[in-house]
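Breakdown of the fold
Listed below, chain by chain, are the residues.
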Amino acid sequence: MHAVRRTLAAAAAPLLIAGLAACGSSEEPAATEQASTVEETDEEQSPAEEPEDESPTEQTAGDADEDSPSAEESGGSDETGDSEESEGEESEDSDDAGETGAAGSGATSVEHLWVDDSWTVEEIDDICGEMDLSPANYSDQEGFFTCGPTAASALACQVEAENLVRCITNAPGRSAISFTSDKAAEDAGAMPANEDALPIQVTLPEGVTCQPISHDHDQHFEDMFSWYSCDDGSELLTDEDITDTFAVEGETWTVQRSVDKGAPEEVVAETVTFAGG
């Protein structure tokens, strides 16, 4: 019995070995196929093969671009700010000009004039006589004086040769008088300059010229006074004294000009002219 079992076992052993070999050969391809399937699945699920999905970084950057102003908008804000600042400066300049309220602008030119051959000169008798000479009110230079009655209108006089005297009577009209005077010839050389001299002619914007007058008989705005009349009919007003006709700040001379007896307007004189050479 034992011999039979041994014989069967010996016969079955090769068959068993062959079967095991066959089984092992059939399972290896399955493992290979499974590995291939896993690789294909991994490749399909790889993020590199799916461009439709945005990364968190790209999405955040997109949101930031939408929330933040563009470069053009930012530049526009700067330009708007500069424009507003410029407008503010212009507004301040306008306010300053409004506070000044004077017609015309800039520095007033200071000039001198004297009688020459182009003037109309009237020869008269000596108006100085035995009267004392006084510094001319309308000249800021030495040697200029005035004398005689007010009606003579000798605004500024000078001895020109020996005892010949010439005096301006109307500067805008270029009118003068002349006479001989021994008294004037003796005293004029010691005549000092008038430190408080006033212009003998004033030129306003648009070429309007004004000159001093000796008497004020007219009625003016709110009972003010005028010692300068202008060739267009307007007048320069002052509270009372002729010396207050001008307000001088640095190189700017301003006056109160009244037109048709109306309220005066502050005007910057273009030129103030004194008698002198």
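Topic: the pairing of strand β5 (residues 156–161)
Relative to strand β6 (residues 164–170), β5 runs antiparallel, the two sharing five bridges. Residue pairing for β6: Val159 is matched across the bridge by Val165. Counted between consecutive antiparallel strands, the loop separating β5 from β6 contains two residues, among which Glu162 sits at a positive phi close to 50°.

Some thoughts on the nonpolar core
Counting 30 residues, the largest nonpolar core has Ile168, Ile200 and Leu204 as the members making the most contacts within it. Among the secondary structure elements, those contributing two or more residues to this core are β10 (225–230), β13 (252–258) and β15 (271–275). Ranked by residues supplied to this core, first place goes to β15 with three residues. Within the second largest apolar cluster, 15 residues are counted, among which are Ile127, Phe145, Ile177 and Phe179.

What about the packing of aromatic side chains?
Enumeration according to the criterion identifies four aromatic pairs in this entry. Where Trp114 meets Phe144, the ring centres are 5.2 Å apart and the plane angle is 80°; that geometry is what we call edge-to-face. Here Trp114 is found in the loop between β1 (109–113) and β2 (120–123), whereas its partner Phe144 is found in the loop between β3 (134–135) and β4 (145–146), with 30 residues between them in sequence. Each member of the pair, Trp114 together with Phe144, is buried. Feature note: the residues Tyr228, Phe246, Trp253 and Phe274 constitute an aromatic cluster, connected by ring pairs.

Concerning unusual backbone geometry
Among all residues except glycine, the phi angle is most often negative; among peptide bonds, the trans geometry is most common. Not every positive phi belongs to a glycine, and Glu206 is a case in point at roughly 70°. Secondary-structure assignment places Glu206 in the loop between β8 (201–203) and β9 (209–212). Backbone geometry places Asp260, a non-glycine residue, at a positive phi of 55°. Assessed through its relative accessible area of 71%, Asp260 is described here as exposed.

Observations regarding the confidence of the model for the protein
Summing up the model confidence of the protein, the mean pLDDT is 75 and the portion of residues at 70 or higher is 63%. Under a pLDDT of 50 for its full length, residues 1–9 has, in the predicted model, zero contacts with residues more than four places off or in other chains. Segment residues 11–100: pLDDT under 50, and five contacts once partners within four positions in sequence are set aside and those in other chains are kept.

So, the state of the cysteines
Should the sulfur atoms of two cysteines be covalently bonded, the bond is a disulfide. A full pass over the atoms with the stated rule returns three disulfides. At a sulfur-sulfur separation of 1.9 Å, the disulfide partner of Cys128 is Cys147. An S-S torsion of about -50° defines the bridge between Cys128 and Cys147 as left-handed. Of this pair, Cys128 sits in the loop between β2 and β3 while Cys147 sits in the loop between β4 and β5, and the two are 19 residues apart along the sequence. Here Cys147 falls in the buried class, since its relative accessible area comes to 6%. By sequence order of its bonded cysteines, the protein has the disulfide arrangement 1-2, 3-4, 5-6.

Section: the pairing of strand β11 (residues 235–238)
The alternating pattern of β11 places Glu235 and Leu237 and Leu236 and Thr238 on opposite faces, both of which are buried. Direction of pairing for β10 relative to β11: antiparallel, over a ladder of four bridges. Considered in β11, the bridge of Tyr228 is made with Leu236. Between β10 and the antiparallel strand that follows it, β11, lie four residues; Gly233 among them carries a positive phi value of about 95°. Across three bridges, β11 lies against β13 in antiparallel orientation. Directly across from Glu235, in β13, lies its bridge partner Ser258.

Conventions we followed
Residues numbered from 1 in each chain as written. Predicted model: local features only at pLDDT ≥ 70, side-chain atom pairs only at ≥ 80, totals over all residues. Heavy atoms only, no water. Pairing = 2+ DSSP bridges. Helix = DSSP H or I, 4+ residues; strand = E, 2+ residues; numbered from the N terminus. Core = buried A, V, L, I, M, F, W, Y, C linked by side-chain atoms within 4.5 Å. Buried < 20%, exposed > 50% of the residue type's maximum accessible area, 1.4 Å probe, protein only. Phe/Tyr/Trp six-rings, centres within 6.5 Å; stacked < 30°, edge-to-face > 60°. pLDDT = per-residue confidence, 0-100. Contact = heavy atoms within 4.5 Å. Disulfide = S-S within 2.5 Å.

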